[in-house]
Amino acid sequence: MQISDFEPLDNEELQKVDDVLMKHGNDDAIQNASELDGFFTAIVSGPVMVMPSQWMPAVWGGKDKEPKWSNPAQADRFYKLLMRHLNSLAAELMESPETFEAVFLENRESGNGEMIVDEWCIGYMRGVALVGGWQGLPAEQAAQLEAIALHGKQENFERVEALTPDELQASIDAIEPAVLALHAYYLVQRTPQTVRTRDERVGRNDPCPCGSGKKFKQCCLH
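A few points on the structure.

About the thresholds
- Residues numbered from 1 in each chain as written.
- Predicted model: local features only at pLDDT ≥ 70, side-chain atom pairs only at ≥ 80, totals over all residues.
- Heavy atoms only, no water.
- Core = buried A, V, L, I, M, F, W, Y, C linked by side-chain atoms within 4.5 Å.
- Buried < 20%, exposed > 50% of the residue type's maximum accessible area, 1.4 Å probe, protein only.
- Helix = DSSP H or I, 4+ residues; strand = E, 2+ residues; numbered from the N terminus.
- Axes fitted to C-alpha atoms, helices over the stretch in contact; angles between N-to-C directions.
- Parallel < 35°, antiparallel > 145°, perpendicular 65-115°, else oblique.
- Left-handed = near helix turned anticlockwise from the far one by under 90°.
- Contact = heavy atoms within 4.5 Å.
- Nonpolar A, V, L, I, M, F, W, Y, C, P; charged D, E, K, R; others polar.
- Salt bridge = Lys/Arg side-chain N within 4 Å of Asp/Glu carboxyl O.
- Phe/Tyr/Trp six-rings, centres within 6.5 Å; stacked < 30°, edge-to-face > 60°.

Turning to the nonpolar core, a few remarks are in order. By size, the foremost hydrophobic cluster in this structure holds 51 residues, and its most contacted members are Trp55, Trp120, Tyr124 and Ile148. Counting only elements with at least two residues in this core, the list comes to helix 1 (11–24), helix 2 (33–45), helix 3 (52–60), helix 4 (72–95), helix 5 (118–131), helix 6 (139–152) and helix 9 (175–187).

Right, here's the structure in full:
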């Protein structure tokens, strides 16, 4: 059975991505699947389209830090998982945002299902920084971005530590609604070609939507 380019990753596939990121990561790289999910969510939510040639180096913390793969097939499998995750996020936020759930970590030591959101929010803010163009948001949207930045910027960590349990939970509950609101805000400003839905696939031999003039298979397909 052929897996769709927009099929969400299952838990086993997310774990494979997490394992690779943790094995090959460094201080500047995306550290785990939760941070990657936040990073990709920002990329598909922002004001401009970001091509794989821009975000792939950021996954590893720089162009010269990509791991030395055992063989090309290993790299191909990993990057196909990344592209599926990115595409499925884009499609979900476009077509069924009410089903969106961030890939937060769970604090198993707490025993009460407590969510760890810092990693995800750090990834989201890294995506914001990579995309650019988020400056000058109206007050409402700026407050929504701040709700994510509260847990996603080191400068805010002392503020988080000072929150009461109820305030902390309220701040966590505000993250996903803020994500949806920011995506909706930028969606109306983007061109239709920015995100492909399941019904708007680009063929392998079609011109690449990035505008390079090359065929899709020779440019951004991989």
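From this point, the discussion proceeds with the structure in view.
With that settled, the discussion passes to the packing of helix 1 against helix 4. It is at 10 Å that the axes of helix 1 and helix 4 come closest, and there the two elements cross at 120°. Viewed along their axes, helix 1 and helix 4 adopt a mutual orientation that is oblique. The crossing of helix 1 and helix 4 is left-handed. Contacts between helix 1 and helix 4 involve Glu13, Leu14, Lys16, Val17, Val20 and Leu21 on the former and, on the latter, Phe78, Leu81, Leu82, Arg84 and His85. Here the residues of the contact of helix 1 with helix 4 are counted per class, giving seven nonpolar, one polar and three charged.

Moving on to the pattern of salt bridges. Oppositely charged side chains can pair when the atoms bearing their charge come close. A complete count under the given rule lists five salt bridges for this structure. A salt bridge links Glu13 to Arg84, with the shortest nitrogen-to-oxygen separation between them at 2.9 Å. Taken together, the positions of Glu13 in helix 1 and Arg84 in helix 4 put the pair 71 residues apart, joining distant regions of the chain. The same class applies to Glu13 as to Arg84, namely buried.

Under the counting rule described, the total for this entry stands at twelve aromatic pairs. Here Trp60 and Trp69 contribute two aromatic rings whose centre-to-centre distance is 5.9 Å and whose plane-to-plane angle is 75°, an arrangement assigned as edge-to-face. Overall, Trp60 belongs to the buried group, its relative accessible area being 2%. Accessibility expressed as a relative area gives 17% for Trp69, which makes it buried. For the pair Tyr185 and Tyr186, a centre-to-centre distance of 5.0 Å together with 70° between the ring planes defines the contact as edge-to-face. The class of Tyr186 is buried, set by a relative accessible area of 3%. Connected via pairs of aromatic rings, a cluster forms that spans Phe104, Trp120, Tyr124, Trp134, Tyr185 and Tyr186.

A separate point is the packing of helix 6 against helix 9. As a packed pair, helix 6 and helix 9 sit with axes 9 Å apart at the nearest point and diverge in direction by 135°. Our classification of the angle between helix 6 and helix 9 gives oblique. When you trace helix 6 past helix 9, the crossing you get is left-handed. Here helix 6 contributes Gln141, Gln144, Leu145, Ala147, Ile148 and His151 to the contact with helix 9, which in turn contributes Ile175, Ala178, Val179, Ala181, Leu182 and Tyr185. Among the residues forming the contact of helix 6 with helix 9, the class breakdown is nine nonpolar, three polar and no charged.

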